[in-house]
Amino acid sequence: MANFSPLNNYTLYILDKIIAKYQLKSPFLDGGCGTSYVSRYLAMKGWEGKAIDLSEDAVRVSRENLSSFDKVKVAKEGILNQKGKFNTVILFDVIEHIKDDEKVLRKINHLLNPNGFVLLALTSNPKEWRWDDEFYGHYRRYNENDIRTKLIKANLEPKDFIEYTFPVFWL
């Protein structure tokens, strides 16, 4: 997720609405946790779970940010290496960075408990592809039909699509 405090705060606001609407619960897996602002927020709510990232720097910062929360483990691991079961899997600004996104979605299906949820925040609008997508390591942008099809192929049932950044943050 972008290191832009107003957007991060608004993301957490939307997350709270989704938690309430679908009665989400722990344990959670925060894949590609970055600086762990989502994991920390959930930990402050009493949730337990795991925050993972492939970046040494992200893991170091996450360990610092989550050091007072013993119910949240931090590890330098990828999503495909995960074992166990989770009620909530979170991939915020992650899946567009993964070459084989369908493989990851199938893996998430196996990591979810029955009635579990996956929350994705991803780059949208393929017509907006620019040089910075390549710079940031994106393989693609999605439209609603693209991600819906991929979720269904992975035996995940799409529930909600929320556009929460435009035009508020990107004018």
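Residues numbered from 1 in each chain as written. Predicted model: local features only at pLDDT ≥ 70, side-chain atom pairs only at ≥ 80, totals over all residues. Heavy atoms only, no water.

Caption draft 1: Broad picture of the sheet that holds strand E5 (residues 112–121). If you trace the 5 strands from one edge of the open sheet to the other, you get E3-E2-E1-E4-E5, paired in parallel fashion. Whereas interior strands pair on both sides, the edge strands pair on one side only; in this sheet they are strand E3 (72–76) and E5. Put simply, the sheet's adjacent strands are angled 15° from each other on average, direction ignored. With 6 bridges joining them, strand E4 (residues 86–92) and E5 adopt parallel strand pairing. Each bridged residue has a counterpart across the sheet, and for threonine 88 the counterpart in E5 is phenylalanine 117. Along the sheet, helix H4 (residues 101–111) makes contact with strand E1 (28–31), E4 and E5, crossing E5 at roughly 140°. (Pairing = 2+ DSSP bridges. Helix = DSSP H or I, 4+ residues; strand = E, 2+ residues; numbered from the N terminus. Axes fitted to C-alpha atoms, helices over the stretch in contact; angles between N-to-C directions. Contact = heavy atoms within 4.5 Å.)

Caption draft 2: Representation of the nonpolar core in the model. Among the nonpolar cores identified, the biggest contains 26 residues, and Leu15, Leu24, Val38, Leu42, Leu66 and Leu119 are the most heavily contacted of them. At the level of elements, helix H1 (5–22), helix H2 (37–44), E3, E4 and E5 are the ones that each hand at least two residues to this core. In terms of residue count, H1 provides more of this core than any other element does, 6 residues in total. Setting aside chain neighbours within four positions, we find valine 38 in contact with Leu12, Leu15, Asp30, Ile90 and Phe92. With 20 residues, the next largest nonpolar core counts Val89, Leu91, Val94 and Ile147 among its residues. (Core = buried A, V, L, I, M, F, W, Y, C linked by side-chain atoms within 4.5 Å. Buried < 20%, exposed > 50% of the residue type's maximum accessible area, 1.4 Å probe, protein only.)

Caption draft 3: Looking closely at the environment of leucine 120. With respect to the helices and strands, the residue leucine 120 is situated in strand E5. Note: C-alpha distance between leucine 120 and isoleucine 90 (30 residues apart in sequence) is 6.2 Å.

Caption draft 4: Region of interest: the pattern of salt bridges. Considering all chains together, one arrives at 13 salt bridges under this definition. The partner of aspartate 132 in a salt bridge is arginine 130, with the nearest N and O atoms 2.8 Å apart. Assessed through its relative accessible area of 41%, arginine 130 is described here as partly exposed. Among the ionic pairs, glutamate 157 bridges to lysine 159, the shortest N-O distance being 3.5 Å. The exposure class assigned to glutamate 157 is exposed, which follows from its relative accessible area of 61%. A relative accessible area of 47% means that lysine 159 is categorised as partly exposed. Connected through salt bridges with shared partners, the residues Asp101, Glu102, Arg140, Lys150 and Lys153 form a single ionic network. (Salt bridge = Lys/Arg side-chain N within 4 Å of Asp/Glu carboxyl O.)

Caption draft 5: Structural view of the packing of H1 against H2. Where H1 contacts H2, the two axes come as close as 11 Å, and the packing angle between them is 50°. Judged on the interaxial angle alone, H2 and H1 are oblique. Pair H1 / H2 crosses with right-handed handedness. Between H1 and H2, the contacting residues are Asn8, Thr11, Leu12, Leu15, Asp16 and Ile19 on the first element and Tyr37, Val38, Tyr41 and Leu42 on the second. (Parallel < 35°, antiparallel > 145°, perpendicular 65-115°, else oblique. Left-handed = near helix turned anticlockwise from the far one by under 90°.)

Caption draft 6: Quick peek at helix H6 (residues 144–153). Every buried residue of H6 is accounted for by Ile147, Lys150 and Leu151. Buried residues of H6, viewed axially, fall in a sector of 100°; they line one side. Away from its buried face by more than 90 degrees, H6 exposes Asn145 and Lys153. Elements in contact with the buried residues of H6: H4 and E5. Between the side-chain oxygen of the N-cap and the backbone nitrogen of asparagine 145 there are 3.0 Å, and the N-cap of H6 in question is asparagine 143. Trailing H6 by a residue or two, asparagine 155 shows a phi angle of about 60°, which is positive. (Arc of directions from axis to C-beta. Polar contact = N/O pair within 3.5 Å; in protein donor to acceptor, adjacent residues only side chain to side chain.)

Caption draft 7: Geometry of the packing of aromatic side chains. For the coordinates displayed, the defined rule picks out 5 aromatic pairs. Measuring from centroid to centroid gives 5.6 Å for tyrosine 10 and tyrosine 13, while their planes differ by 25°, and the two rings are stacked. Of this pair, tyrosine 10 and tyrosine 13 both sit in helix H1, 3 residues apart, roughly one helical turn. Cluster of aromatic residues (ring-pair linked, three or more members): Trp131, Phe135 and Tyr136. (Phe/Tyr/Trp six-rings, centres within 6.5 Å; stacked < 30°, edge-to-face > 60°.)

None of the figures reported here should be taken as evidence of function without further support.
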